Amino acid sequence: MIIQMEFEWGLYLIASYLVGGIMTGFLVAKLLKGVDLRLLGSGNIGARNAGRVLGPSGFVLTLAGDILKAAAVVWAAIQFGYPPHIQLLGFLAVILGHLYPVFLKFHGGKGVASFIGGLVVFHLPSAILVGAAFLLFYAIKRSLTVAGLFAFSLAPFFYWLIERQWKETLILLPISLLVVYVQKEDIIERIKLPE
């Protein structure tokens, strides 16, 4: 029974990574305009560049898709009755799939929307506190990028503050720091220059 459960969890994590690798921005750009989003604008396949290249519809569709795929992965784990640490490993796998998709030679997006979607489903109170922290940082720095990423880095702390579960906190930590790390260049630029 234990071996069967571990096998099922393994399949879930592989599926989570593959779902993460479904790049919404890339697909939306192909479907709406027949273009490769990686070759236009900033070259990023996230919602911001999709909006810049494709207009408001591209932004909304990409944002919604990236949020929903991570939300769906965590929601599925909850529905299957998986324990919180497996839910979080699925969350980590979908983020890794988004950042390093096998379908696009491991060059993906930056994970912000997917992080939001997964966190909201996994632990709504933490997501609400992250939102409050974002508003506070934005009021101080007036930069969406800096405010968002500082707020994301606090997600593990907020979770621990509420649940006091070290195992889950230690899994959530690399998820949040990974999303911050891949945007280190943007953070440095925004700190130097006002957005």
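Residues numbered from 1 in each chain as written. Predicted model: local features only at pLDDT ≥ 70, side-chain atom pairs only at ≥ 80, totals over all residues. Heavy atoms only, no water.

What to know about helix α9 (residues 155–163)
Line of reasoning, step 1. Buried within α9 we find Ala155, Pro156, Phe158 and Tyr159. Taken end-on, α9 shows its buried residues confined to a sector of 160°, consistent with a single buried face.
Line of reasoning, step 2. Along its buried surface, α9 packs onto α6 (112–122), α7 (124–141), α8 (144–153) and α10 (166–181).
Line of reasoning, step 3. Just past α9, the residue Arg164 takes up positive phi, approximately 55°. (Buried < 20%, exposed > 50% of the residue type's maximum accessible area, 1.4 Å probe, protein only. Helix = DSSP H or I, 4+ residues; strand = E, 2+ residues; numbered from the N terminus. Arc of directions from axis to C-beta. Contact = heavy atoms within 4.5 Å.)

As for unusual backbone geometry
Line of reasoning, step 1. For Phe106, which is not glycine, the phi dihedral falls at a positive 65°.
Line of reasoning, step 2. Looking at the secondary structure, you find Phe106 in the loop between α5 (84–99) and α6.
Line of reasoning, step 3. One non-glycine residue with positive phi stands out, namely Arg164, at about 55°.
Line of reasoning, step 4. As for its placement among the helices and strands, Arg164 is situated in the loop between α9 and α10.

Observations regarding the packing of aromatic side chains
Line of reasoning, step 1. Going through the model one piece at a time under the given rule, you end up with 10 aromatic pairs.
Line of reasoning, step 2. Relative to Tyr82, the ring of Trp9 lies with its centre 6.3 Å away and its plane at 75°, an arrangement referred to as edge-to-face. Residue Trp9 is found in helix α1 (residues 2–20), and its partner Tyr82 is found in the loop between α4 (56–79) and α5; the two are separated by 73 residues along the sequence. Considered together, Trp9 and Tyr82 belong to a single accessibility category, that of buried residues.
Line of reasoning, step 3. Taking the centre distance of 5.5 Å and the plane angle of 40° together, the rings of Phe137 and Phe150 count as tilted. Of the two residues, Phe137 is situated in helix α7 and Phe150 in helix α8; the sequence distance between them amounts to 13 residues. (Phe/Tyr/Trp six-rings, centres within 6.5 Å; stacked < 30°, edge-to-face > 60°.)

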